[in-house]
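# Observations on the model geometry
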There are 2 protein chains.
Amino acid sequence: MRSHGTDGGVAQAVLRRFNALRPLSEEDAAALEHAILEGLLRAGPGEDLIAEGDPVDSVRLVLSGWLFRHKTLEDGRRQIVNFILPGETCDSHAYLLSSIDHSITTATPVAYAEIKRARFEQLMAANSTLAEAFMCETLLNSAIQREWIVNLGRRAAFERVAHLFCEIFERLRPVGLVDGNSCALPVTQTDLADATGLSVVHLNRTIQELRACGLIVLKDRTLTIGDLEALKNAAMYSPGYLRLYQAK
Amino acid sequence: MRSHGTDGGVAQAVLRRFNALRPLSEEDAAALEHAILEGLLRAGPGEDLIAEGDPVDSVRLVLSGWLFRHKTLEDGRRQIVNFILPGETCDSHAYLLSSIDHSITTATPVAYAEIKRARFEQLMAANSTLAEAFMCETLLNSAIQREWIVNLGRRAAFERVAHLFCEIFERLRPVGLVDGNSCALPVTQTDLADATGLSVVHLNRTIQELRACGLIVLKDRTLTIGDLEALKNAAMYSPGYLRLYQAK
DNA sequence: TGCTGCCATTAGCTTATGTTAAAGCGGACG
DNA sequence: CGTCCGCTTTAACATAAGCTAATGGCAGCA
């Protein structure tokens, strides 16, 4: 699964992730990379890629940058429902339901690839390994959402934020975006609050607390985790749901 | 889409639901019903059909009765992550991830059909309409989970419980399990608390409040909704995510 | 150089929700 | 017929988290 010319081509994160979901042959990887290179696009930070109710007619793969899925109530309360990280898919298969039930917004500058529905279906029909990998991508997204439900429903603020940090760290690792015990966390505390169902003020208090316990350092949009095991304990984090063992 | 002999065969709920997801031809419906009749099973109330970490090697369709998906933290806190209602699927495609990340338990006596993976894949390969319908089933489950995240993260107890009741009512309607403005709600208040992320005590308080407002009657495991519009307003319920307009 | 605006932080106070415990209530069953 | 048990309900009290508002830091920009 090397990319064409230099290694670390634009599709690197996607290829790493998909290869972890289903081992890809040279041909599988080439087919995927080819489809990606046909539809390269960029977006600035804070752009809506798609909004609740919009029709869907393509599948998008994130090559670099962060996005989030979110829904907003009539009165403005917003809930971030998941982050979308490099290598992940925006709306795999979503076109089957015609329109989308949530919005997707970029948190940072983003490079992504758009594959039109017809092209995507052709690719799936021609390559069953890729089809399975995309299916896994959808199922994994669903598993992450379930864990978020548990997080919001049953964990206290401290555990909840700790859990989110563990998850992000573990999701960034397999695509090579973890550096030692640090990773980027390019979102505001308001975003983190909307992801954890807390108020900004209380989220901030909670982060202070995590700092005071020596569990994390968060500065300049970089998260550093001193002791990952300790953080996982604090979060009651149990990693099975990400199915990382399948990787490699 | 009539069932074989008498109408209202065991597969009725499933057929209604799938027909709403994708219009089924006579042959589609017959193929699905046939697969169902091959694997009929029953379970009593309070039985675990599958538990977190178990291997998955089949797909199950609920013919009658309620179940719920749930996860439990080390210290016993439990979160119900979704209800599974008649006509719905337990673990569509889940075998692709080998093991499951949550448990599924029956709330009532349940009749269901088990389709083994090989049989299921053969059915999907032979019938693309059914394959799409199953795919929609998976996507819809994911959309419901997203709405639950919003519910837990951003709605206050009163709105939250109201929302759950609206959703259940609207999910039961298309499979014919709503009678006027009433439907069954065959779960304990402890279950409802675990679904809404509240304590049992506060859930009970909240239900009293909903009663006092004349929004609901809940008695003998039956939910009656006086004024559905009023309840939806109280819940800030916006129905798009269930994609019911596709029905019929 | 001094605005302006976004983001993080802190303080003081309010309130929704949790906790513990006990009491009522009806059904199953010996 | 009485007892047990699971479920609901109520009460009294404790606390985590929300809200409003002000402050500080920093970067971009006129």
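This structure is a prediction, so every number in the text was calculated from the model and none was measured.

The rules behind these values
Residues numbered from 1 in each chain as written. Chains lettered and ligands numbered in written order. Predicted model: local features only at pLDDT ≥ 70, side-chain atom pairs only at ≥ 80, totals over all residues. Heavy atoms only, no water. Salt bridge = Lys/Arg side-chain N within 4 Å of Asp/Glu carboxyl O. Helix = DSSP H or I, 4+ residues; strand = E, 2+ residues; numbered from the N terminus. Domains from an automatic or database assignment. Contact = heavy atoms within 4.5 Å. Buried area = accessible area lost by both parts, 1.4 Å probe. Polar contact = N/O pair within 3.5 Å; in protein donor to acceptor, adjacent residues only side chain to side chain. Near = heavy atom within 4 Å. Axes fitted to C-alpha atoms, helices over the stretch in contact; angles between N-to-C directions. Parallel < 35°, antiparallel > 145°, perpendicular 65-115°, else oblique. Left-handed = near helix turned anticlockwise from the far one by under 90°. Nonpolar A, V, L, I, M, F, W, Y, C, P; charged D, E, K, R; others polar. Phe/Tyr/Trp six-rings, centres within 6.5 Å; stacked < 30°, edge-to-face > 60°. Buried < 20%, exposed > 50% of the residue type's maximum accessible area, 1.4 Å probe, protein only. Pairing = 2+ DSSP bridges. Least-squares fit on C-alpha atoms with pLDDT ≥ 70 in both.

### Considerations on the pattern of salt bridges
It is possible for side chains of opposite charge to pair when their charged atoms get near one another. Enumeration according to the criterion identifies 40 salt bridges over all chains in this entry. Notably, a salt bridge pairs Asp-75 of chain A with Arg-77 of chain A, separated by 3.0 Å at the nearest N-O pair. Ionic pairing is found between Asp-194 of chain B and Arg-78 of chain B, a salt bridge with its closest N-O pair at 2.7 Å. A residue pair is termed long-range when its members are at least 10 positions apart, and Asp-194 of chain B in helix H6 (residues 189-196) and Arg-78 of chain B in strand E5 (residues 78-84) qualify at 116 residues. When salt bridges with common partners are traced through the structure, they connect Lys-71 and Asp-101 of chain A together with Arg-146, Glu-147, Arg-155 and Arg-243 of chain B into a single cluster.

### So, the domain arrangement of chain A
All names here are of chain A. Here chain A is described as being made up of domain 1 (12-148) and domain 2 (155-246). Each of domain 1 and domain 2 was reduced to a C-alpha centroid, and the two centroids are 23 Å apart. Across the boundary between the two partners, domain 1 contributes 24 residues, which contact 25 residues of domain 2. When domain 1 packs against domain 2, close to 2000 Å² is buried across both sides, 59% of that on carbon and sulfur atoms. Looking only at domain 1, the three residues that lose the most surface to domain 2 are Trp-66, Phe-83 and Glu-147, adding up to 28% of its buried area. Here domain 1 is connected to domain 2 by 4 salt bridges. Arg-155 is the partner of Glu-147 in a salt bridge, and the nearest nitrogen-oxygen pair spans 2.5 Å. One can count 12 residue pairs in polar contact (both at pLDDT 80 or more) joining domain 1 with domain 2. Where the side of domain 1 that touches domain 2 is concerned, the elements lending two or more residues are helix H1 (12-21), strand E5 (78-84) and helix H4 (128-154). With 6 residues, E5 is the largest single contributor of residues to the side of domain 1 that touches domain 2.

### Structural notes on the protein's contact with DNA strand D
In the region of DNA strand D, 16 residues are neighbours, and Ala-157, His-202 and Arg-205 of chain A together with Gln-189 and Asn-204 of chain B sit closest. In the interface set of DNA strand D, defined as its atoms within 4 Å of the protein, sugar plus phosphate atoms amount to 66%. In the model, a phosphate oxygen of DNA strand D is placed 2.8 Å from a nitrogen or oxygen of the Gln-189 of chain B side chain. The separation between a sugar or linking oxygen of DNA strand D and a polar side-chain atom of Arg-221 of chain B is 3.4 Å.

### Structural notes on the packing of helix H2 (residues 26-38) of chain A against H4 of chain A
Residues and elements named next belong to chain A. One can describe the packing of H2 onto H4 by two numbers: an axis separation of 9 Å at closest approach and a directional angle of 65°. As far as their axial angle goes, H4 and H2 are roughly perpendicular. You can see that H2 and H4 cross each other, and the crossing is right-handed. Contacts between H2 and H4 pair Asp-28, Ala-31 and Leu-32 from the former with Thr-129, Leu-130 and Phe-134 from the latter. When its residues are assigned to classes, the contact of H2 with H4 shows 4 nonpolar, 1 polar and 1 charged.

### Let's talk about the packing of aromatic side chains
Following the criterion strictly, the structure yields 14 aromatic pairs over all chains and no others. When the centroid spacing of 6.3 Å and the interplanar angle of 90° are considered together, the rings of Phe-68 of chain B and Phe-83 of chain B count as edge-to-face. Pair noted here: Phe-68 of chain B is in strand E4 (residues 67-72) and Phe-83 of chain B is in strand E5, with a separation of 15 residues, a long-range link. Across the pair, Phe-83 of chain B and Phe-68 of chain B agree in class, each one buried. Through a chain of ring-to-ring contacts, the aromatic side chains of Phe-18, Tyr-95, Phe-120 and Phe-134 of chain A assemble into a single cluster.

### Some remarks on the pairing of E5 of chain B
Residue and element names in this part refer to chain B. For E5, the tally of buried residues reaches 7 of 7 residues, placing the bulk of the element in the interior. Looking at chain direction, E4 and E5 are connected through 6 bridges and run antiparallel. Looking at the pairing, Phe-68 lines up with Phe-83 of E5. Two successive antiparallel strands, E4 and E5, enclose a turn made up of 5 residues, where Gly-76 displays a positive phi of approximately 100°.

### Details of the relation of the copies chain A and chain B
Placing chain A over chain B gives an RMSD of 0.0 Å and needs a rotation angle of 180°, together with 0.0 Å of translation along the axis. Such values leave the two copies arranged in the relation of a two-fold axis. When the interface residues of chain A are mapped onto chain B, 100% of them again lie at the interface, so the same face is used by both copies.

### A closer look at the sheet that holds E4 of chain B
Residue and element names in this part refer to chain B. The strand order across the open sheet built from 4 strands is E2-E6-E4-E5, with neighbouring strands paired in antiparallel fashion. This sheet does not close on itself; its edge strands, each paired only once, are strand E2 (48-50) and E5. Here the strands of the sheet are splayed against their neighbours by 35° on average, with no regard to which way each runs. Of the strands in this sheet, E4 and E5 touch H6, which is tilted by about 100° from E5.

### Some words on unusual backbone geometry
Residue and element names in this part refer to chain B. One non-glycine residue, Asp-220, lies in positive phi territory at about 55°. Classification of Asp-220 as exposed rests on a relative accessible area of 65%. In this model, Arg-243 sits at a positive phi of 55°, which is unusual for a non-glycine residue. Within the fold, Arg-243 resides in the segment after helix H8 (228-235). Judged by relative accessible area, which is 6%, Arg-243 ranks as buried.

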